[in-house]
Amino acid sequence: MDLLRVHDYLWEIPRFGEMRVPGRIYASERMINELRDDPALTQVANVACLPGIVGYSLAMPDIHWGYGFPIGGVAAIDAEEGVVSPGGVGYDINCGVRLIRTRLRFADIGDRIAQIADALYDAIPAGVGSEGAIPGLEIPELKRVLRDGANWAKAQGYATAADLEHTEENGRFAGADPDAVTERALLRGRRQLGTLGSGNHFLECSRIDEIYDGEVASALGLELGQVNVLIHSGSRGLGHQTCDDHLRIIGAAMARYGIHLPDRQLAAVPIKSPEGRAYLGAMMAAANFAWCNRQIMMNLAERAFMQTLAIGPKDLGFALIYDVCHNIAKFEEHVVDDKRRLLCVHRKGATRAFGPGHPSIPAAVRDLGQPVLIPGDMGRYSFLLVGQARAMRETFGSSCHGAGRVMSRARAKREAGNRDLYSELAARGVTVRARGRASVAEEMPAAYKDVAEVVEVMEAAGVSRKVARLKPFAVIKG
Amino acid sequence: MTQNEDATLFREFEHTGDLGIELAAPTRAELFRRAAIALASLLVERARVTAIEQREIIVEAEADLDLMHDLLTELLALFTVEGFIWRDASVKEEADRALRVTLRGEPFDPTRHVFRGEIKAVTYHQLVVENSADGWRSRVIFDV
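Residues numbered from 1 in each chain as written. Chains lettered and ligands numbered in written order. Predicted model: local features only at pLDDT ≥ 70, side-chain atom pairs only at ≥ 80, totals over all residues. Heavy atoms only, no water.

## Focus on the environment of A162 of chain A
Residues and elements named next belong to chain A.
- Within the secondary structure, A162 is located in helix 7 (residues 161-165).
- Its relative accessible area of 39% is what places A162 among the partly exposed residues.
- C-alpha of A162 to C-alpha of P362: the two residues are 200 residues apart in sequence and 9.7 Å apart in space. (Helix = DSSP H or I, 4+ residues; strand = E, 2+ residues; numbered from the N terminus. Buried < 20%, exposed > 50% of the residue type's maximum accessible area, 1.4 Å probe, protein only.)

This is how it looks when you write it as structure tokens:
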């Protein structure tokens, strides 16, 4: 594919064929050379064909081949004239990350890591074939979760007001329409509230081993050696089914609106159409489920820490730094060609990264820029960044979302062979508890890009800035 | 039944983000049967599943592409909603392009059946179902 260098960290796919805007990929020269023949670049070009797309079809440096949209893709679409595409959000609606700080210091708990890992593993179910920590909800109650999001967790004693304040959208989309979620989706989700899931979802305990911006770190209550907990999960079967159900409806309806796209997985309808409105209402309901899910797991983790260490909440000091979603479509105002426009920003494996002063950022940290949480590969490190003003001008306030895979799961399993990955990770100081060997093999660190390189590109491009590096010492997987 | 036997029914191909499989079969019904078995093998260690109960599902669609997507989606729901896992399947072609699929298995028990990993959905991305002189083949990408 033809690529033009915009600058050292930004590459452009000029318009061709049905593309309505050019494509732009944030990557280092080394990364882009590895991507040249990758299907992910074709996917960037395909996304550029969506009606109403504004500016560029964007991809972050953790870009890799997805289905329909590339993973790491961002598309901002005019809210009046444009379309919504469930493939631009993905099956795991509001898959996201939350980062929790504690008052613990790694030096003080270093001899109890195995017990902490065991307790977290026991406390947080994967949610497959077993009842979650929250007993199966009756449908009317589940619909209240879909309506209220993390507020439901607060009403049940699983959240504080501060938790909600530090969650994107305060943990609730007001526009959620639980009635647009099918019975099958409800049935898939009713036993999965407070469950982690499998695949690349995990809970990671880490210590801060490097601080890049002392001022911001201090304002966020972070210091070297401090123990933090990161939770990566989403809307579980309820979200997966919601995407599938609406994709089917939208796929059948789009020809009526005269929309033809190069990949059926990109299926899209006008935002203002009945099908578009129904999808968005259902998507918001599933997103609310995901916020509630992560909130409950945070609470379960807090209890597991307190019981294991025999300490109270004040000594543990569990406090949410921030919760971000990285699979979502959101209505946001952005300046395009000097005009403010309401856009439906699709982020498929990309994180909102609003710059300093944006009113959507919690008041206490507004001047710093929005915290951006970048989970790593469960072996090396994860990162905390903050959004920069330039993100608002160039990426519709978006940054990367993780390391990005470089190896298929099939190849990862082959390469893992008979290796003892648990021991290998233990030798790197990471205690792993997982339900299956296959999940550890598929998700082994070598299957991912070095997240430091991904984050470096975002910083060099001025989109988001590094604050702290988190070194994992215990990882729980589904 | 071993993993090697499964390897003759389908193979995983390289897909960076998700999980892709390729299937081939001499007949259309056998292609769909192999797809049903492949899904069970991706979800659990199928050799540990006992065929003590039977379930039947009927799927209907105009195009074979949709039929493959809908069959696998129905089966995924059978596992995720009803907690049923199958060791074997048979497929009968019905009128109006419908398929009657009989699954033989048992309720999923995480303590006995080794769970391999969650499959979120069956995607339409690069979905292929085609017939040629060499027989039937399909290519499916799952979101995992």
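Next comes the rest of the description.
## Comments concerning the pattern of salt bridges
- Inspection of every chain in the model, using the stated rule, returns 58 salt bridges over all chains.
- One salt bridge in this structure joins E29 of chain A and R5 of chain A, with 3.0 Å as the shortest N-O distance. Residue E29 of chain A is located in helix 1 (residues 29-35), and its partner R5 of chain A is located in strand 1 (residues 4-7); the two are separated by 24 residues in the primary sequence.
- Of the charged contacts, one joins E424 of chain A and R419 of chain A as a salt bridge, the two residues approaching to 2.7 Å between their closest N and O atoms.
- Look at R419 of chain A and you get partly exposed, because its relative accessible area is 35%.
- One salt-bridge network, in which partners are shared between bridges, spans R405, R409, K413, E442 and E443 of chain A together with E12 of chain B. (Salt bridge = Lys/Arg side-chain N within 4 Å of Asp/Glu carboxyl O.)

## A closer look at the state of the cysteines
- This structure, assessed with the given rule, holds 0 disulfides over all chains.
- Left without a disulfide partner, C205 of chain A is nearest to the cysteine sulfur of C95 of chain A, which lies 18 Å away. (Disulfide = S-S within 2.5 Å.)

## Some thoughts on the environment of T102 of chain A
All names here are of chain A.
- Mapped onto the fold, T102 is located in strand 7 (residues 96-105).
- Residues T102 and V145, 43 residues apart in the sequence, show an inter-C-alpha distance of 27 Å.
- Setting aside its immediate chain neighbours within four residues, T102 contacts Q226, V227, N228, L316, G317 and F318.
- Within polar-contact distance, the side chain of T102 engages the backbone nitrogen of L104 at 3.0 Å.
- Polar side-chain contacts of T102 include one of 2.7 Å to the backbone oxygen of V227. (Contact = heavy atoms within 4.5 Å. Polar contact = N/O pair within 3.5 Å; in protein donor to acceptor, adjacent residues only side chain to side chain.)

## A closer look at the sheet that holds strand 3 (residues 53-59) of chain B
Residue and element names in this part refer to chain B.
- Taken in spatial order, the 3 strands line up as 3-5-4 in an open sheet, and their pairing is antiparallel. Single-partner strands in this sheet number two, and they are strand 3 and strand 4 (84-93). On average, adjacent strands in this sheet sit at an angle of 25° to one another, irrespective of strand direction.
- Where strand 3 lies against strand 5 (residues 99-107), 7 bridges are found, and the strand directions are antiparallel. Bridged to R55 within strand 5 is L103. (Pairing = 2+ DSSP bridges. Axes fitted to C-alpha atoms, helices over the stretch in contact; angles between N-to-C directions.)

## Comments concerning the interface of chain B and chain A
- Of the residues lining the interface, 35 residues belong to chain B; the matching set on chain A comes to 36 residues.
- Here chain B meets chain A over a buried area of about 3,100 Å², counting both sides, of which 51% is carbon and sulfur.
- Interface area lost by chain B to chain A is led by T16, K120 and Y124 of chain B, which between them contribute 23%.
- Here chain B is connected to chain A by 6 salt bridges.
- A salt bridge links D70 of chain B to R248 of chain A; its shortest N-O distance comes to 3.0 Å.
- Where chain B meets chain A, there are 16 residue pairs in polar contact (both at pLDDT 80 or more).
- Contributing elements (two or more residues each) for the side of chain B that touches chain A: helix 3 (64-80), strand 6 (121-122) and strand 8 (135-143) of chain B.
- The element best represented in the side of chain B that touches chain A is helix 3 of chain B, accounting for 10 residues.
- Here the side of chain B that touches chain A is composed, by residue class, of 14 nonpolar, 10 polar and 11 charged. (Buried area = accessible area lost by both parts, 1.4 Å probe. Nonpolar A, V, L, I, M, F, W, Y, C, P; charged D, E, K, R; others polar.)

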